[in-house]
Protein chains: 2
Amino acid sequence: MEILSKNIVLKDYIPTGTPSTKNFNVREIPIKISKDKEVLVKNLWISVDPYMRTRMTDRKNYIPPFTLNEPMDGSAIGEVIETNSKIFSKGDLVYSFCGWRDYFVTNEENLEKIKPIDVPIQAYLGPLGFTGHTAYVGLFNIGNLQPEKTVLVSSAAGAVGSMVCQFAKIMGCKVIASTGTDEKVEWLKNELLVDHAFNYKKVENLVLYFKDKCPDGFDFYFDNVGGEFLESVIYRMKNFGKIVICGRISQMNATSPTGLKNMAHVLVKRLTIRGFLIFDHLKDRAKFEKDVSKWIKEGKLQWKETVVQGLENSPEAFANLLEGKNIGKMLIKI
Amino acid sequence: MEILSKNIVLKDYIPTGTPSTKNFNVREIPIKISKDKEVLVKNLWISVDPYMRTRMTDRKNYIPPFTLNEPMDGSAIGEVIETNSKIFSKGDLVYSFCGWRDYFVTNEENLEKIKPIDVPIQAYLGPLGFTGHTAYVGLFNIGNLQPEKTVLVSSAAGAVGSMVCQFAKIMGCKVIASTGTDEKVEWLKNELLVDHAFNYKKVENLVLYFKDKCPDGFDFYFDNVGGEFLESVIYRMKNFGKIVICGRISQMNATSPTGLKNMAHVLVKRLTIRGFLIFDHLKDRAKFEKDVSKWIKEGKLQWKETVVQGLENSPEAFANLLEGKNIGKMLIKI
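Residues numbered from 1 in each chain as written. Chains lettered and ligands numbered in written order. Predicted model: local features only at pLDDT ≥ 70, side-chain atom pairs only at ≥ 80, totals over all residues. Heavy atoms only, no water.

Caption draft 1: Region of the structure containing the overall build of chain A. If you tally the helices and strands in chain A, you get nine helices and 15 strands. The C-alpha radius of gyration of chain A comes to 20 Å, within 12% of the 20 Å expected for a compact globule of 334 residues. The C-alpha extent of chain A, read off along each of the three principal axes, is 65 × 45 × 35 Å. Here the contacts in chain A between residues at least 6 apart in sequence split such that 67% fall between residues at least 24 apart. (Helix = DSSP H or I, 4+ residues; strand = E, 2+ residues; numbered from the N terminus. Rg over C-alpha atoms; globule rule 2.2 N^0.38 Å. Contact = heavy atoms within 4.5 Å.)

Here it is in structure tokens:
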């Protein structure tokens, strides 16, 4: 069966600034299965994620830049439509890294079968997907979080941040959550039941604010933003504190990065700062899936989705994501 | 026996800048043993160390500021002159933290007996003392250094740095050594046999220099200087590299610290940065002493001392230390 595949392509690299719809094209190309082991998939849900911003520049990075005028990739959930594979049958739900398009053909080895527990299928792009896994690896594998610690989370209402808050609460930690709108503050307080949530945009001096709200300081900081926020946190870390660097959304569109002026605190307070990328941990999902499936079944996890309808709206959704207009996971429904 | 104890006291706190002799006084006070378990010690060797600079400000820190107009403390080696202790006999060699004075009285619990191997006694302030221990803990306990890594060391001809270079060579690592005079470069190359040594003051652009001399980058950086040097190194770290922060001598007299602008590299290259202080590890000397005594006996370790005669010259020696005028351990001989 030949089918018309609609896909989003990047027209030009965007060295700085927020991407806009004019940086992308919608393109249609005919595709079909032609080889053994190939599978034709219809995407149902596509994930847009902050890390994709780094792929829109042509700088060398941990993951190659998107190829201009070629389909962009990323996490997606789809359904098998036609198959030359012995592993996949028509109707199977599959996870792939073939996002930003509605239909695609790929070799079976690029697909992972989903055996869903009783949650909406798009949870496999959220708490049970990339983002839940990122929160889990950062807290436990990288940061070795222990019970009863005081944990600060930035971008706490984001897809990763909201999982971090809840995983840390499940561990018996005290959770302080930073976010950028009052609506998100309410969600964090009333639904995710963090110990304290605040809108950082309304705080004049973060260091003084932290001193006031959390006078003993932080044992653990899950950093999604970088920049001046990170600097302020370092001033308020406890001795032997840990900072796990997962993202730096405050710096992603910045033309000149903020300098971190308080490295003295890293020495004097014997801090550990560790950066990590989920791509290094993709094979190590078993414990994560087991724990998070259990927590979901026990009703201990909540999540929100910001759903945008239609593939052609992905670029706009992505721009909104970088500006913090979403709550929870930003998803494209096809 | 009453004896006149000469000691150096700090007159005023020094918020910024290099301390000079005018910041200190020489004072004499009569002392004698009066209680059970007290010991009278004559200091033979006193250590002056960069970390002492932080104690000359009244800022809160990992170790309290020196008390103004009271004897300053620090590592020292002395000989027991008179004793009310069952543990220490006259003539015993002892290690203490009662530096910056010629004679002192203290409780036996503040002294540690030295059973010297066949090295000059002041080695217990150097390779077998505080500084050797600092190098050992930083490389092995904090950084978990593995064989055959590429290790960069700053202040490599200093007391700690020169031990780091040699311990790393013993581990089979490739060692790149940075220092501030050509004389030190020669010593590092010809005596300590590091793989490459250079005078950083003669390098215009450190990042390009590193790229040229060590194109594959560094696995491990033992940081004694902080500031712009650290920033340049971060640009050239390999993926999963480790940075152990032991000191920040470049920033100690600085009025405004240098901002670290490349935290993006910590994320993208999954770096670990850890600060440590030797004070947290003082009880954990057994493995260090065993290894380093063995290496000394095998002739695998060399060290230099810059010896200044006379307690009254300690302030000047300390100022020279901060300006890098020493090679190896800066010691006061009494």
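Now that the structure is up, let's keep going.
Caption draft 2: Here's a closer look at the packing of helix 1 (residues 130–142) of chain B against helix 2 (residues 159–170) of chain B. All names here are of chain B. The contact between helix 1 and helix 2 brings their axes to 8 Å, and the two run at 50°. Between helix 1 and helix 2, the angle is such that the two are oblique. At the point where helix 1 passes helix 2, the crossing takes the right-handed sense. Touching T131, G132, T134, A135, Y136, L139 and F140 of helix 1 are A159, V160, M163, V164, F167 and A168, all from helix 2. The residue inventory of the contact of helix 1 with helix 2, partitioned by class, reads 10 nonpolar, three polar and no charged. (Axes fitted to C-alpha atoms, helices over the stretch in contact; angles between N-to-C directions. Parallel < 35°, antiparallel > 145°, perpendicular 65-115°, else oblique. Left-handed = near helix turned anticlockwise from the far one by under 90°. Nonpolar A, V, L, I, M, F, W, Y, C, P; charged D, E, K, R; others polar.)

Caption draft 3: Focus on the interface of chain A and chain B. At the junction of the two partners, chain A supplies 27 residues and chain B supplies 27 residues. Between chain A and chain B lies a buried interface of about 2,300 Å² when both sides are counted; carbon and sulfur atoms form 67% of it. Counting across the chain A and chain B interface gives two salt bridges. In this structure, R270 of chain A engages D280 of chain B in a salt bridge whose closest nitrogen and oxygen atoms are separated by 2.7 Å. Where chain A touches chain B, the interface holds eight residue pairs in polar contact (both at pLDDT 80 or more). Breaking the side of chain A that touches chain B down by element, the ones donating at least two residues are strand 12 (237–245), helix 7 (263–268) and strand 13 (272–275) of chain A. Sorting elements by how many residues they give to the side of chain A that touches chain B places helix 7 of chain A first, with five residues. The residue inventory of the side of chain A that touches chain B, partitioned by class, reads 16 nonpolar, six polar and five charged. Relative to strand 13 (residues 272–275) of chain B, strand 13 of chain A is paired through three bridges, and the arrangement is antiparallel. Note on strand 13 of chain B: the bridge partner recorded for I273 of chain A is I273 of chain B. (Buried area = accessible area lost by both parts, 1.4 Å probe. Salt bridge = Lys/Arg side-chain N within 4 Å of Asp/Glu carboxyl O. Polar contact = N/O pair within 3.5 Å; in protein donor to acceptor, adjacent residues only side chain to side chain. Pairing = 2+ DSSP bridges.)

Caption draft 4: Inspection of the pattern of salt bridges at higher detail. Applying the stated criterion across every chain, the model contains 28 salt bridges over all chains. Notably, a salt bridge pairs K287 of chain B with D291 of chain B, separated by 3.2 Å at the nearest N-O pair. One end of the pair is K287 of chain B and the other is D291 of chain B, both in helix 8 (residues 286–297) and four residues apart, which spans about a single turn. Exposure remark for D291 of chain B: the relative accessible area of 15% places this residue in the buried category. As a salt-bridge pair, E298 of chain B and K300 of chain B come within 2.9 Å of each other at their nearest N and O atoms. Its relative accessible area of 40% is what places E298 of chain B among the partly exposed residues. K300 of chain B gets classed as partly exposed once you look at its relative accessible area, which sits at 43%. Among the ionic contacts, a cluster of salt bridges with common partners joins K294, E298 and K300 of chain A. (Buried < 20%, exposed > 50% of the residue type's maximum accessible area, 1.4 Å probe, protein only.)

Caption draft 5: A look at the relation of the copies chain A and chain B. Rotating chain A by 180° and translating it 0.0 Å along the rotation axis places it on chain B, where the RMSD comes to 0.1 Å. On this basis, the relationship between the two copies can be described by a two-fold rotation axis. Of the residues that chain A buries at the interface, 100% are likewise interface residues in chain B, meaning the two copies contact each other through the same surface. (Least-squares fit on C-alpha atoms with pLDDT ≥ 70 in both.)

Caption draft 6: How the structure looks around the sheet that holds strand 10 (residues 196–199) of chain A. Spatially, the 12 strands line up as an open sheet ordered 10(A)-9(A)-8(A)-11(A)-12(A)-13(A)-13(B)-12(B)-11(B)-8(B)-9(B)-10(B), and their pairing is mixed. A single partner strand is all that each edge strand has here, and the edge strands are strand 10 of chain A together with strand 10 (196–199) of chain B. Averaged over all pairs of adjacent strands, the angle between strand axes in this sheet comes to 15°, irrespective of strand direction. Of the strand pairs in this sheet, strand 8 (residues 150–153) of chain B and strand 9 (residues 174–179) of chain B are connected by four bridges, and their pairing is parallel. Paired with T150 of chain B across the strands is K174 of chain B, a residue of strand 9 of chain B.

Caption draft 7: Geometry of the environment of E231 of chain B. Residues and elements named next belong to chain B. With respect to the element layout, E231 can be found in helix 5 (residues 227–235). We classify E231 as buried; its relative accessible area is 10%. Between the C-alpha atom of E231 and that of G259, which follows or precedes it by 28 residues, the distance is 8.6 Å. The contacts of E231, once residues within four sequence positions are left out, are G259, L260, K261 and N262.

Caption draft 8: Structural detail: the packing of aromatic side chains. On inspection of all chains with the given rule, the structure shows 35 aromatic pairs over all chains. For the ring pair Y136 of chain B and F140 of chain B, a centre distance of 4.9 Å and an interplane angle of 70° mean the geometry is edge-to-face. Taken together, the residues span about one helical turn, with Y136 of chain B and F140 of chain B both in helix 1 at a distance of four residues. By relative accessible area, which is 5% here, Y136 of chain B ends up buried. Among the aromatic residues, those joined into a cluster by ring pairs are F198, Y200, Y209, F210, F218, Y221 and F229 of chain A. We note K113 of chain A situated over the ring of F88 of chain A; from NZ or CZ to the ring centre the distance is 5.4 Å. (Phe/Tyr/Trp six-rings, centres within 6.5 Å; stacked < 30°, edge-to-face > 60°. Lys NZ or Arg CZ within 6 Å of the ring centre and 35° of its normal.)

Caption draft 9: Geometry of the domain arrangement of chain A. Residue and element names in this part refer to chain A. Here chain A is described as being made up of domain 1 (3–126 + 304–333) and domain 2 (130–279). Taken together, the contact pairs 24 residues of domain 1 with 16 residues of domain 2. Buried area between domain 1 and domain 2, summed over both chains or domains, comes out near 1,600 Å², and the portion from carbon and sulfur atoms is 65%. Considering only the side of domain 1, the residues that lose the most area to domain 2 are Y62, K304 and I327, jointly responsible for 26% of the buried surface there. Here domain 1 is connected to domain 2 by zero salt bridges. Between the two partners, domain 1 and domain 2, sit five residue pairs in polar contact (both at pLDDT 80 or more). When its residues are assigned to classes, the side of domain 1 that touches domain 2 shows 11 nonpolar, nine polar and four charged. (Domains from an automatic or database assignment.)

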